[in-house]
Amino acid sequence: MKESSRKQGAASPCAACKLLRRRCAQDCVFSPYFPADEPQKFANVHRVFGASNVNKMLQELSIHQRGDAVSSMVYEANARVRDPVYGCVGAISSLQQQIDVLQAQLALAQAEVVHLRVRHSTNFQGHGLCPDSPSSSGSPSSKQVSPQDNKGMFSHMDIVDEASLGESMWSC
């Protein structure tokens, strides 16, 4: 169990009692979660939820659930201070938008890889060369793809199942 910084009421009160300007009792429900050296933590929670509501919530919970409840309230309160309208929902929404953008970028990159593998395979099959053969590794006769060849690569992108390409693409 976490010891408070007070000894028999002689030391400083917890952050909640200090902000509320009241005597901090030995059995103060706030003291284990809002230490005196973190006054902003309770100030934000008090501003968003109110001390009375926080007290009621903590009293209704078992002692082993209170720490998680306080962590959640502190997170939501800090999010509400940063974004008063949306709070943590705004942060979640922003992260979801970032995920969507990154997934789209990943899908494009994967499609480009598949497209290049198909083009690479087609070039080797058309010339009767195998990527592992000595005649295709670094010889001047092997075709180099220029940046101009890649223009409009995604304009009419065919979806190709990478699993269907598998090892057959590299077997000659």
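Fair warning: this is a prediction, and the values are worked out from it, not measured in the lab.

Undergrad: Tell me what's going on with the overall build of the chain, and back it up with residues and numbers.
TA: In terms of helices and strands, the chain carries six helices and zero strands. In sequence order, the secondary structure elements of the chain are arranged as α-α-α-α-α-α. Here the chain, with 172 residues, has 26% of them falling under the buried criterion. Pairs at least 24 apart in sequence give 50% of the contacts found in the chain among residues at least 6 apart.

Undergrad: Requested: an account of unusual backbone geometry, with residues and values cited.
TA: A positive phi is found at arginine 21, a non-glycine position, where the angle reads about 55 degrees. For arginine 21, the location among the structural elements is in the loop between helix 1 (15–20) and helix 2 (39–49).

Undergrad: Tell me about the nonpolar core, and please be specific about residues and values.
TA: Grouped burial of nonpolar side chains is what soluble globular proteins tend to show. Among the nonpolar cores identified, the biggest contains 20 residues, and Phe30, Phe34 and Leu58 are the most heavily contacted of them. For this core, the secondary-structure elements that each account for two or more residues are helix 1, helix 2, helix 3 (51–60) and helix 4 (63–82). If one sorts the elements of this core by residue count, helix 4 sits on top with five residues. In contact with phenylalanine 34, other than residues within four places in its own chain, are Cys14, Ala15, Ala16, Lys41, Phe42, Val45, Val70 and Val74.

Undergrad: Just give me the short version of the UniProt feature "coiled-coil region" (unreviewed entry) in the chain, but keep the residues and values in it.
TA: Cross-referencing UniProt, the feature "coiled-coil region" (unreviewed entry) maps to residues 92–119 in the present numbering. Helix makes up 100% of residues 92–119 and strand 0%, with an end-to-end C-alpha separation of 40 Å.

Undergrad: I'd love a proper account of the packing of helix 2 against helix 4, names of residues and values included.
TA: The relative placement of two packed helices is expressed as an angle between their axes plus a distance between the axes. At their nearest, the axes of helix 2 and helix 4 sit 8 Å apart, and the two run at 75 degrees to each other. Classed by the angle they form, the pair helix 2 and helix 4 counts as roughly perpendicular. Judged by residue contacts, Lys41, Asn44, Val45, Arg47, Val48 and Phe49 of helix 2 engage Met73, Val74, Glu76, Ala77, Asn78, Arg80 and Val81 from helix 4. Its residues assigned to classes, the contact of helix 2 with helix 4 comprises seven nonpolar, two polar and four charged.

Undergrad: Lay out the packing of aromatic side chains with the relevant residues and their values.
TA: Any aromatic ring pair is given by two values, namely how distant the centres are and how the planes are angled relative to each other. Taken as a whole and assessed by the stated rule, the structure comprises three aromatic pairs. Members of the aromatic cluster, each reached through a chain of ring pairs, are Phe30, Phe34 and Phe42.

Undergrad: Hey, could you go over the environment of arginine 22 for me, with residue numbers and the actual values?
TA: In this fold, arginine 22 is placed in the loop between helix 1 and helix 2. Ignoring sequence-local partners within four residues, the contact set of arginine 22 consists of Cys17 and Phe30.

Criteria and cut-off values
Residues numbered from 1 in each chain as written. Predicted model: local features only at pLDDT ≥ 70, side-chain atom pairs only at ≥ 80, totals over all residues. Heavy atoms only, no water. Helix = DSSP H or I, 4+ residues; strand = E, 2+ residues; numbered from the N terminus. Buried < 20%, exposed > 50% of the residue type's maximum accessible area, 1.4 Å probe, protein only. Contact = heavy atoms within 4.5 Å. Core = buried A, V, L, I, M, F, W, Y, C linked by side-chain atoms within 4.5 Å. UniProt positions renumbered as here; feature names shortened; annotations may be inferred. Axes fitted to C-alpha atoms, helices over the stretch in contact; angles between N-to-C directions. Parallel < 35°, antiparallel > 145°, perpendicular 65-115°, else oblique. Nonpolar A, V, L, I, M, F, W, Y, C, P; charged D, E, K, R; others polar. Phe/Tyr/Trp six-rings, centres within 6.5 Å; stacked < 30°, edge-to-face > 60°.

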